[in-house]
Structures are given as C-alpha cells and as structure tokens.
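Understanding the architecture of this molecule
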Amino acid sequence: MNLANLKPAATENLKQAWLRVSELLPTSADLSAVRRNPRQDLIAGLTVAIVALPLALAFGVASGLGAQAGLATAVVAGIIAAVFGGSNFQVSGPTGAMTVVLVPVVHEFGVTGVLMVGSMAGLVLMAMAFARLGRYVRYLPVSVIEGFTAGIAVVIALQQVPAALGIEDVSGDKVWAMAADAVRQFVANPHPAPLIVALGVAALMLGGTKWRPGVPFSLIGVALVTVLAQVFDLGLAPLGHLPASLPAPSLGFVDLGAIGGLVTPALAIAALAALESLLCATVADSMTVNEQHDPDRELFGQGLANVVVPLFGGVPATAAIARTAVNVRAGANSRLAAVTHSVVLLVVIFSAAGLVSKIPLAALAGVLFATCVRMVEAGSILTLMHATRADAVIVALTFTVTVAVDLVTAVGVGMGVAIILALRSVAQSARLEQVPLEAGDHTSEEHALLNEHIIAYRLDGPLFFAAAHRLLLELPDIADVKVVILRMSRVTTMDATGAQVLGDAIKKLEHRGVIVILSGIAAGHDEVLNSLGVAESLRSEGLIMPDTPTAIAHARRLLAPPVGIVEGL
C-alpha cells in the first residue's frame, strides 16, 4: 500500500462527502423566502394548525400510541421537516397511510417497537438521500399508487368501526375481522350515540367542505360534539388524559435485541414515507408557480424528522397532502408557515390539554371517515380501470391485497405485476420481419434474393430475456435456403439472454447447413456478443458485416460457382 497516496485520497473522499452533505442542508435562499411575506405565512400556519389538530389526534389514536403521540409527531416532525426538507410548502406529521403500517408493529412489538422502527426508517431515508434516490420514486406506476391509496382508505375506515360503534374490546388479527367483531357486538347490544356522532361529524365535514371549502368543519364538528357530550352526558368514551407538555427527549426505547425483527417494517415505513412525501411535494409544485422541490433534500428532511420524533414519543411521520394543500391555498410563501403550524399545536398542548382530553373518540372516528372518503379519487380510479386491462388488474389487485393482507405486501405485489406486464408489453413490441417493404431500403434487390436461395430477416425492437425466445423461435424451418442474413441495425437493446438465444438460433441454422450473416450490429450490442462468445465462428469466418448491402454482396460471392466450373460450362 502506498501511504503517500492514501492521505490525498482520503482527503478527497471527505471533501466529496462534505459537499454532498452541504447540498442537503438549508440554504440562504430559504431564509430569503421566509423574509418575503412573514405575515401571510403566519396566517397560513394558523389555518393549517386548525385543520391539523383533529387529524393529529385521530391519527395518533389510530396508530395505537394515543393522541399525545400524534400531537408530538405533528409538532416535532412539522418543524424539522419544514426546515430541512426539500419543499417550501410541505406540512408533515402523522398520516393515515402510516397508521396502517404501524398497527401490526404495535401489536407485535409494542410502543417500544414503534419508536425504534421510526428511527430506523429515518436512517434509511437519510441514506436514500445521500444515494440520490429521490428522483426514482417518480417511476412508481400510478395504478399501484391509486390501488393502495384506495386500499389504505378502506383499512383506515375499518379501523375506526369499533370507536364509531362504541366498542372497546374487539378480537381479530386483521382490521376487517376486528370491524366484523365490533359490528357483531353492536348488534347484540346496540348503543346508537357513538355511531350517530361519528356519522354526523363525517357528514358535516364532507357537506360543509363543498359549501364553504375554507371553513375548518372538522374542528367545528369535534368541538360541537365535545360540548354536547359534556352538557348532556351522552356516554361517549373520551380521549383521556393528555400531558400538558412534550415529553423530555429519551433514548430509553433502544433495545438492540429487537432490531432484527424490525428491519422489514422499517424498510416498509421508509419506502412509504419517501413515496408519500415526494408525491405530496409534486402536488405542491403543481399548485404553485415557479416552484420545484428537491427530492433528495426532501428525503433527508423526512429522515431527520423520523430519527428525532421517537425521542419525544412520536410515531413515524411523512408529508401530508391534505395539510400541504391547505397550506398552499392559505397563501403560504415559505417554510415559516409549516413551522408556525407546529408552534400553534405546541401552544395547544401546553394550554388546552385538559380540554382536548375530553374529545370523544367517536368524533375522531368521524373525522377519519371523512378523510377516507377524500383520499379516494373515484374519477382517477375509474379512468384507470377503463384505460387498459393491465392498469385495471394492477389497481384491483393492489387494492385487494392492501385490505386483505397488508400495505407492504400490496405494494410488492402491485409492483411485481406491473413490471411483469410492462415487460410483456415491451417484449411483444419486438418483431422479426422478412424483407422490409419501406422505400429506399433495397427492397427490390432483397426480393430477388429469394430466387438465389438467400433470405433476409430484420430484427426490430428489444432483444432481451422477455422477448428473445419468442422472437427468434419465429424463425421458420427454412427450406431451399442457403444463406440467412440477420439484420441487427434496429435492435434497440440486447441483454445476455437475448445474445445467448441469438447464438442458439445461429447454431441451429448452421447445423442445417445454412450460412448465417449478421449485419449492422451496434457497438454496444457487439460488446455483449463478444463477452459471451456468441457468433465466434461467424467472426472468424468474416460473416459479420457493417451493413445490409455489404452482407448481400458477400452472400452472393459465397454462392457464386467457382470460376473454373463456369469456364468449363
């Protein structure tokens, strides 16, 4: 080892690492944006906080860690993701999609497991940011996104059925089984007040939003039900005790023995957080003018937020599309609006914890029922279902697996089927054509070749593992043909399988006594053939030609009778 060269190399690596870190940190442009119109940002932040309060409480309860966990997440993640994220308008906190992934973790690992898995997911997100993976989320098929979004909405709604029916103890290992058990208990001993409250709050939110979109009907509904429950003693189960402050940061949840079992949930949460946050940032960009988020910085901000949030007892967080949309519509100009939203929620924790603790669980169930209805874009789903058969299959399959099994499996299945169908479509685009008929491509000459026992085929499209066998098996059992020219100039891509299958087809033709000539091989494809040793015999015999006219001329020379025989005739 040359020690003299080690230090400069190490210094260069450190320099590159620091440059990458600096790309992910806040910039002077962020501070300039904050100074642009702080009053409007403060108003927008207050507006978002009013909308976010009942959602933070509801998602905290739905996650299994309680309303205080939802508030802690909205406060801590809201500030950190706003400062370090890649969008000026994102509002982060607990979301419905995340609760769907967290519920099984709570059941298997308890509160400690949720806190640990959140920090692990945060580290994964930060690693994704350093690896510049943010740009690749855009390649996720919209059919998969719509399918699992609709599935998530159904799962969240099913999770709220026990609270909406006033049933506390339910059995079942899946949400649909727990909802069915709650319905069974309700039918056996009905108590209509919780159901009326839940449906009433949901109806107020959905109907009121259409009437006056800017009015926070979720907060109005929850406040109204809370007052009525206190005045008339409706027998509704309340949230219960809430601490009047955020818990002090703690590392007490770390349990190295549980890390192995949490790797898979952590990866799933990181993937979901990345997907939801980057999609949300894209939506925010589309609602504004001259705004473009930084996907890698967004991953870094969300990752840092998720590393810190568990220290305060919060659940994994991500950007929230509904809250971000409210932020944009309220006139936000910078990250100050999202920070303001978190500060307002923090003030609520310190000043109104006792009042918040009296909110009925059924009212929060109604908030989530309405949120589920808003999550499902019926028009988009119907459009996809009628677009292509492949999109319809992917939407239906992803939705079904999300509801029946879990979100992680659903995304895996949806992506797997989408990839298979995409490969099938690409493979079917590959063609093997005898004698092309377009003008200017030596058509008349190639037709004349048939009388000379020469035939030309054009390979058109991708020659890869999904297409090669089907494509080259189309070569017919050639009779009364002495030379086959395979025209390769229009092969768009070639992998090892395609090259190997091509080699097998050449050997079969040679075994029949047919001479094979390749023409127009692209430089990149030639490297694949060389590395696998395909067509070595053709190369050694000079049967690989730069273009089709040269290949035709060479084929005629090969079939021409020897000069002596011609003279003897």
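Cut-off values and rules
- Here the residue numbering is sequential within each chain, running from 1 through the sequence in written order.
- Note on the predicted model: pLDDT of at least 70 is required for a residue's local features to be given, and 80 or more for side-chain atom pairs to be given and counted; whole-chain, interface and lining totals, by contrast, use all residues.
- Side-chain metrics in this entry use all non-hydrogen atoms of the structure; hydrogen atoms and water are not considered.
- Helix numbering and strand numbering both begin at the N terminus, where a helix is a DSSP run of H or I of at least 4 residues and a strand a DSSP run of E of at least 2.
- Pairs of residues are marked as contacts when any of their non-hydrogen atoms sit within 4.5 Å.
- Accessible surface is estimated by sampling points in the Shrake-Rupley manner with a 1.4 Å probe; for residues, cover comes only from the protein chains shown.
- Lines fitted to C-alpha atoms define the axes here, with helix axes fitted over just the stretch in contact, and angles between the N-to-C directions of these axes take values from 0 to 180 degrees.
- Relative orientations are named as follows: roughly parallel for angles under 35 degrees, roughly antiparallel for angles over 145 degrees, roughly perpendicular for angles from 65 to 115 degrees, and oblique for any other angle.
- What makes a crossing left-handed is the near helix being turned counterclockwise from the far one by less than a right angle; a clockwise turn instead makes it right-handed.
- Three classes are used: nonpolar for Ala, Val, Leu, Ile, Met, Phe, Trp, Tyr, Cys and Pro, charged for Asp, Glu, Lys and Arg, and polar for all others, with Gly counted as polar.
- Relative accessibility under 20% of the residue-type maximum defines a buried residue, over 50% an exposed one, and the middle range a partly exposed one, all with a 1.4 Å probe and only protein chains included.
- Candidates for patches are residues over 30% relative accessible area with no salt bridge; among them, like charges are joined within 9 Å and nonpolar side chains (Val, Leu, Ile, Met, Phe, Trp, Tyr) within 5 Å.
- Any carboxyl oxygen of Asp or Glu that lies within 4 Å of a side-chain nitrogen of Lys or Arg is treated as forming a salt bridge with it.
- Note on ring pairs: Phe, Tyr and Trp rings are taken, using the six-membered ring of Trp, and paired if centres are within 6.5 Å. Classes follow the plane angle, with under 30 degrees stacked, over 60 edge-to-face and the rest tilted.
- Every helix has an expected span of 1.5 Å times one less than the residues it contains.
- If DSSP finds at least two bridges between two strands, the strands pair.
- Assignment of crossover handedness uses the view with strands pointing away from the viewer, where a clockwise path from the first strand over the helix to the second indicates a right-handed crossover.
- A residue's pLDDT is the predictor's confidence in that residue, given on a scale from 0 to 100.
- By definition, the arc is the one covered by directions from the helix axis to the C-beta atoms.

Within the protein chain, the secondary structure is distributed over 24 helices and seven strands. Within the protein chain, contacts between residues at least 6 apart in sequence are counted, and of these 82% link residues at least 24 apart. When the accessible surface of the protein chain is totalled, it reaches about 26500 Å², and 64% of it is carbon and sulfur.

This next bit is on the packing of helix H6 (residues 142–165) against helix H15 (residues 378–387). Two elements in contact, H6 and H15, have axes separated by 10 Å at closest approach and are oriented at 130 degrees. By the angle between their directions, the pair H6 and H15 is classed as oblique. Regarding H6 and H15, the two cross each other, and that crossing is left-handed. Two secondary-structure elements touch here, H6 through Val142, Ser143, Glu146 and Ala150 and H15 through Ser380, Ile381 and Leu384. Taken together, the residues of the contact of H6 with H15 sort by class into four nonpolar, two polar and one charged.

Bringing the environment of alanine 370 into the picture now. Along the chain, alanine 370 falls in helix H14 (residues 361–375). Take alanine 370: its relative accessible area is 0%, and that puts it in the buried class. In sequence terms alanine 370 and alanine 198 are 172 residues apart; their C-alpha atoms lie 9.5 Å from each other.

With that settled, the discussion passes to a nonpolar patch on the surface. Together, Leu224, Val227, Leu228, Val231, Phe232 and Leu234 give the surface a local cluster of nonpolar side chains, amounting to about 550 Å² of exposed area. As for its placement among the helices and strands, leucine 234 is situated in the loop between helix H9 (217–232) and helix H10 (259–286).

Attention now goes to the packing of aromatic side chains. Under the definition given, this model contains two aromatic pairs. Plain terms: the ring middles of phenylalanine 130 and phenylalanine 300 are 6.2 Å apart, the flat faces sit at 90 degrees to each other, and that makes the pair edge-to-face. Here the residue phenylalanine 130 occupies a position in helix H5 (residues 96–130), and phenylalanine 300 occupies one in helix H11 (residues 295–308), the gap between them amounting to 170 residues. Ring geometry for tryptophan 211 versus phenylalanine 217: centroids 6.4 Å apart, planes at 45 degrees, classification tilted. For phenylalanine 217, a relative accessible area of 9% puts it in the buried group.

The next point concerns the pattern of salt bridges. Tallying each qualifying case throughout the model produces five salt bridges. We note a salt bridge from aspartate 30 to arginine 335, for which the minimum N-O separation is 3.4 Å. You can see aspartate 30 sitting in helix H2 (residues 28–36) and its partner arginine 335 sitting in the loop between helix H12 (321–329) and helix H13 (336–356), a full 305 residues away along the chain. Arginine 335 carries the same exposure label as aspartate 30, and that label is buried. Across the pair arginine 458 and aspartate 460 runs a salt bridge, and its minimum N-O distance is 3.3 Å. Residue class for arginine 458 comes out buried when judged on its relative accessible area of 5%. When salt bridges that share partners are traced, they join Asp30, Arg297 and Arg335 into one network.

Across its 16 residues, helix H16 (residues 389–404) extends 22 Å between first and last C-alpha, which sits within 8% of the 22 Å expected from 1.5 Å per residue. The complete set of buried residues in H16 reads Ala392, Ile394, Val395, Thr398, Val401, Thr402 and Val403.

Looking now at the pairing of strand S5 (residues 483–494). Bridge count for strand S4 (residues 454–463) against S5 is nine bridges, and the pairing is parallel. Opposite leucine 463, over in S5, you have methionine 494 as the bridge partner. Taken together, the five bridges between S5 and strand S6 (residues 515–519) define a ladder with parallel strand orientation. For arginine 487, the partnering residue across the bridge sits in S6 and is serine 519. Regarding topology, helix H20 (residues 496–511) serves as the crossover connection from S5 to the parallel S6, and that connection is right-handed.

The subject of this paragraph is the confidence of the model for the protein chain. Looking at the protein chain, pLDDT values average 83 and 88% of them are 70 or higher. Confidence over residues 436–442 falls short of pLDDT 50; this stretch has 13 contacts with residues more than four positions distant or in other chains. Low pLDDT, under 50, characterises residues 565–569; the predicted model gives this stretch one contact beyond four residues in sequence or across chains.

A few words now on unusual backbone geometry. One non-glycine residue, arginine 132, lies in positive phi territory at about 60 degrees. Assignment of secondary structure puts arginine 132 in the loop between H5 and H6. Judged by relative accessible area, arginine 132 falls into the partly exposed class, the value being 36%.

Turning to helix H23 (residues 548–559), a few remarks are in order. End to end, H23 covers 17 Å across 12 residues, agreeing with the expected 16 Å (1.5 Å per residue, within 8%). Taken as a whole, H23 has its buried residues at Thr548, Ala551, Ile552, His554 and Ala555. Considered in projection along H23, the buried side chains sweep an arc of 165 degrees and stay on one side of the axis.

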